[in-house]
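# An overview of the molecular structure
Now for the letters of each chain:
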Amino acid sequence: PRAAVGGSSSDLGARIANPRLDGGERHLPVNFLVGRNSRPLGADEALFPCEKGDWVALDDGRFGQIALQTPAVVELVAPGGDRCTYATAAFLALNPRNRSSGFRAETVFGIDYRHQAAATTEIPAAMRAKLLAGLPKLVGAEALRDVQVCFARANDSSLDYLVWADCAGTAASLAHRIPGEMQRLLVEACNENG
C-alpha cells in the first residue's frame, strides 16, 4: 500500500491506499503506525495481482473474470455467469494467474505407433500448420502469438506431443476453450492426413 502523512496536529494520520481494490483506502492515526515497518514497494511490483475486469485462473480449478475486489472479498464470475466469492486472503492463497496480460494454453496429443517413421518430422509440421490455420478463428489472428508442437515422449500406447499456443490477453476470456479447440483441430489434421 502507498501511504501519505498529512492533516493537522489534532488529526495527524496516514492515508494507506491500494488503488487496485474497491474501498482500498484507510486513514490511520500516526500513533497506530508507531513502531511498525513496511518494506519498500519494488519498482515494478503490483499492489494486487489483478484488477477488476481481468481474467484469472485459480489453483482450485476455477476460471473467471474479476467482478469485485476489496480488502475483504474478491468476486469471480465464471463463463456462463456462475459467481464465486472468496475472502481476499483465501483468493491470494489460490495463486491467481492473471490471463489478461497474456497466457499459454497447453494440451497433450498422441498418435499411434504405426506413424513412428514420421513422428518427429512431417507429423508435427502438419499439426502445427492445422493449428495456425484454425486457432485464429477462435482467438483472432492478432491474439495468436505462437503455436508449437513438440514431440514429448514415447508413451505405452501412443507417441505423445506437447502442444501449446501463446496468446495475447485479448483472448483471455477464451483461455478455457483453447485446449479443447486444439484437440479438435488435431483430430481433424489426423483425419485429413490419414
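Here is a short report on the structure shown in this document.

## Thoughts on the sheet that holds strand 10 (residues 144-154)
- The three strands lie next to each other as 9-11-10, forming an open sheet whose pairing is antiparallel. Because the sheet does not close on itself, it has two edges, and the strands there are strand 9 (103-111) and strand 10. Across the sheet, the axes of successive neighbouring strands diverge by a mean angle of 20 degrees, strand direction being ignored.
- Note: strand 9 against strand 11 (residues 159-167), nine bridges, orientation antiparallel. Across the sheet, the residue bridging to Ile-111 is Leu-159, located in strand 11.
- Taken strand by strand, helix 3 (residues 122-134) contacts strand 9, strand 10 and strand 11, and its axis lies near 150 degrees from that of strand 10.
- Together, strand 9 and strand 11 form the strand contacts of helix 5 (residues 178-193), whose direction differs from that of strand 9 by roughly 35 degrees.

## Notes on helix 5
- The end-to-end C-alpha separation of helix 5 is 22 Å, in line with the 22 Å expected for 16 residues at 1.5 Å each.
- Among the residues of helix 5, Ile-178, Glu-181, Met-182, Leu-185, Leu-186 and Ala-189 are the ones counted as buried. Within helix 5, the buried residues cover an arc of 135 degrees as seen down the axis, which keeps them to one side.
- Of the surrounding elements, those touching the buried residues of helix 5 are strand 9, helix 3, helix 4 (136-139) and strand 11.
- Just downstream of helix 5, Gly-194 is the residue with a positive phi angle, here 70 degrees.

## Quick look at the environment of Asp-166
- In this structure, Asp-166 sits in strand 11.
- Judged by its relative accessible area of 17%, Asp-166 falls in the buried class.
- Expressed as a C-alpha distance, the spacing of Asp-166 and Asp-146, which sit 20 residues apart in the sequence, is 5.0 Å.
- Ignoring sequence-local partners within four residues, the contact set of Asp-166 consists of Phe-103, Arg-104, Ala-143, Leu-144, Arg-145 and Asp-146.
- A polar contact is formed between the side chain of Asp-166 and the side chain of Arg-104, at a distance of 2.6 Å.

## Details of the nonpolar core
- Counting 33 residues, the largest nonpolar core has Leu-131, Leu-135 and Ile-178 as its most contacted members.
- Secondary-structure elements contributing two or more residues to this core are strand 4 (55-57), strand 9, helix 3, helix 4, strand 10, strand 11 and helix 5.
- Considering each element in turn, this core owes the most residues, five residues, to strand 11.
- Each residue touching Ile-178, except ones within four places of it in the same chain, is listed here: Phe-103, Ala-105, Leu-135, Leu-138, Val-139 and Cys-167.

## What to know about the pattern of salt bridges
- Per the counting criterion, the structure on display carries eleven salt bridges.
- Notably, a salt bridge pairs Glu-75 with Arg-83, separated by 3.0 Å at the nearest N-O pair.
- Accessibility expressed as a relative area gives 19% for Glu-75, which makes it buried.
- A salt bridge links Glu-188 to Lys-130; its shortest N-O distance comes to 3.3 Å. Within this pair, whereas Glu-188 is found in helix 5, its partner Lys-130 is found in helix 3, the two being separated by 58 residues in sequence.
- By sharing partners, the salt bridges in this structure join Lys-130, Glu-181, Arg-184, Glu-188 and Glu-192 into a single network.

## Describing the pairing of strand 7 (residues 83-87)
- The alternating pattern of strand 7 places Cys-84 and Tyr-86 on a buried face, while none of Arg-83, Thr-85 and Ala-87, on the opposite face, is buried.
- Here strand 6 (residues 73-77) runs beside strand 7; their pairing, made up of five bridges, is antiparallel. Note that in strand 7 the partner of Val-77 across the bridge is Arg-83.
- Taking the residues between adjacent antiparallel strands as the criterion, strand 6 and strand 7 are bridged by five residues, where Gly-80 takes a positive phi near 100 degrees.

Conventions we followed
- Residues numbered from 1 in each chain as written.
- Predicted model: local features only at pLDDT ≥ 70, side-chain atom pairs only at ≥ 80, totals over all residues.
- Heavy atoms only, no water.
- Pairing = 2+ DSSP bridges.
- Helix = DSSP H or I, 4+ residues; strand = E, 2+ residues; numbered from the N terminus.
- Axes fitted to C-alpha atoms, helices over the stretch in contact; angles between N-to-C directions.
- Contact = heavy atoms within 4.5 Å.
- Expected span 1.5 Å × (residues − 1).
- Buried < 20%, exposed > 50% of the residue type's maximum accessible area, 1.4 Å probe, protein only.
- Arc of directions from axis to C-beta.
- Polar contact = N/O pair within 3.5 Å; in protein donor to acceptor, adjacent residues only side chain to side chain.
- Core = buried A, V, L, I, M, F, W, Y, C linked by side-chain atoms within 4.5 Å.
- Salt bridge = Lys/Arg side-chain N within 4 Å of Asp/Glu carboxyl O.

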